[in-house]
Amino acid sequence: MLRKAIVCIVFLLICYLRAGEAEAFSNQVIQKGAVGDDVIELQARLQYIGFYKGKIDGVFGWSTYWALRNFQYEFGLPVDGLAGESTKEKLVKASKYNEQFVKEQIRKGNNFTHYGGKPLSNQTKNKAKNTTQTTAVNVPKGFSQNDIQLMANAVYGEARGEPYIGQVAVAAVILNRVKNPAFPNTVAGVIFQPGAFTAVADGQIWLTPNETARKAVLDAINGWDPSEGAIYYFNPDTATSGWIWSRPQIKRIGKHIFCK
C-alpha cells in the first residue's frame, strides 16, 4: 500500500513538473507590438541572462526587440526579432523565470530587475514614482536627422559591400566612439576626426546612401551592436597600419575585423 502511494506521488510530481514546463510561453509567435503575459516572460528571461535592461512591463517595444535580436545572434538563431518556437525553446533552456516574483512586483508598481545570480531581495526597489508607460520611438532623443543622414553616408561609403550585419556593426562603432571619452562626443566629430575613416579621406562619404545604410544606422541607434562594443575596425586585406593589428580583436564580420 505504501509503495502504491509513493508511486502515485511520484507520478503526480512528474505531471506537475511537465505541466509547469508546458506553461512556459504560449504557442503564439511573439513579435513587436505584442502585449501581455508572453511578453512579460520574454522580457524577464532576456533580463535574467543580461540581454534586456529595460522595464519589465509586458509591452514589446524597440528595447525588447533589440534585446531579442542580440540574444538570437549570440545563440546562433535566425536574427528576426520574432520569438517563435525555436527561440522560445532556446530561451527557456538558457534562463529562469520566477513568474510569481515578477508579476507581484508589476502588480505593486515596483521598480525591479530580474537578473540571474542576484538575490531577489536586492532586485526590488521602492514603488515607482511615475508608472506612466511611454512608447518607444524609432529614433531616440539625442540624434538629429542630420546625424542619421551623416551616419548613413559613412556606413554606405565604408561598408556598402558588406553583409547587413556588418553595416550595422560599422554604425555601432561610430556610436561607441561618441560614447567613448577618447573620441569626439558628436557624430560629426567622430566621422570627420582626421584619419578616422577612409570614406572621408577618399570622398566616398559624399556618395548618396541607399535605404539599407539608413536602416543599418537606425538599427544601431536603437540598440543593436553586432560589433560587441568595438571602437575600431579594419579590412585585413587592405590595412597598411601596423598599429591597428595591435588592437585586441573582438570578432570578424564580412571583410572587417572589429577591435577594442
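Residues numbered from 1 in each chain as written. Predicted model: local features only at pLDDT ≥ 70, side-chain atom pairs only at ≥ 80, totals over all residues. Heavy atoms only, no water.

(A) Region of the structure containing helix α5 (residues 99-108). Those residues of α5 lying buried are F101, V102 and Q105. Buried residues of α5, seen end-on, are gathered within an arc of 95° and therefore sit on one face of the element. What points out from α5, more than 90 degrees from its buried face, is the exposed set Q100 and R107. Two residues or fewer after α5 comes G109, characterised by a positive phi angle close to 75°. (Buried < 20%, exposed > 50% of the residue type's maximum accessible area, 1.4 Å probe, protein only. Helix = DSSP H or I, 4+ residues; strand = E, 2+ residues; numbered from the N terminus. Arc of directions from axis to C-beta.)

(B) Spotlight on the packing of aromatic side chains. Going through the model one piece at a time under the given rule, you end up with 15 aromatic pairs. Taking the centre distance of 6.4 Å and the plane angle of 45° together, the rings of Y164 and W224 count as tilted. Linking Y164 in helix α7 (residues 164-179) with W224 in the loop between α10 (211-221) and β3 (232-234), this pair joins segments that are 60 residues apart in sequence. A relative accessible area of 24% places Y164 in the partly exposed class. Between Y232 and W243, the ring centres sit 5.2 Å apart and the planes meet at 80°, which makes this aromatic pair edge-to-face. Of the two residues, Y232 sits in strand β3 while W243 sits in the loop between β3 and β4 (249-253), which places them 11 residues apart along the sequence. Y232 sits in the buried class, given a relative accessible area of 15%. Residue W243 is classed as partly exposed on the basis of its relative accessible area, which comes to 46%. (Phe/Tyr/Trp six-rings, centres within 6.5 Å; stacked < 30°, edge-to-face > 60°.)

(C) Examining the pattern of salt bridges more closely. This structure, assessed with the given rule, holds 6 salt bridges. Here R45 makes a salt bridge to E41, at a shortest N to O gap of 2.9 Å. Of this pair, R45 and E41 both sit in helix α2 (residues 37-48), 4 residues apart, which is roughly one turn of the helix. Exposure remark for R45: the relative accessible area of 7% places this residue in the buried category. E41 sits in the buried class, given a relative accessible area of 5%. In this structure, D219 engages K215 in a salt bridge whose closest nitrogen and oxygen atoms are separated by 3.5 Å. Highlighted residues: D219 and K215, both in helix α10, separated by 4 residues, approximately one helical turn. Among the ionic contacts, a cluster of salt bridges with common partners joins D37, E99 and K103. (Salt bridge = Lys/Arg side-chain N within 4 Å of Asp/Glu carboxyl O.)

(D) A look at the confidence of the model for the protein. For the protein, the average pLDDT comes to 84, and 85% of its residues sit at 70 or higher. Every residue in residues 14-22 is under pLDDT 50, and counting partners more than four places away or in other chains gives 0 contacts. Within the model, the stretch residues 129-139 combines pLDDT values under 50 with 12 contacts to residues more than four positions away or in other chains. (pLDDT = per-residue confidence, 0-100. Contact = heavy atoms within 4.5 Å.)

(E) Quick look at the nonpolar core. Within the largest apolar cluster, 64 residues are counted, with the highest numbers of intra-cluster contacts made by L42, L46, V102, M151, I191, V217 and F258. Broken down by element, this core gets its largest block of residues, 10 residues, from α7. Sequence-distant contacts of M151, that is, excluding residues within four places in its chain, are made with A171, I174, L175, V187, I191 and V217. (Core = buried A, V, L, I, M, F, W, Y, C linked by side-chain atoms within 4.5 Å.)

(F) How the structure looks around the side chain of E158. Counting through the fold element by element, E158 comes out in helix α6 (residues 145-159). Although E158 is buried, it makes no salt bridge; R177 carries the closest opposite charge, 8.3 Å away. A distance of 2.9 Å separates a polar atom in the side chain of E158 from the backbone nitrogen of T198. Separated by 2.7 Å, the side chain of E158 and the backbone nitrogen of A199 make a polar contact. The residues touching E158, leaving out its near neighbours within four places in the chain, are V170, F197, T198, A199, Y233 and H256. (Lys, Arg positive; Asp, Glu negative; His and termini not counted. Polar contact = N/O pair within 3.5 Å; in protein donor to acceptor, adjacent residues only side chain to side chain.)

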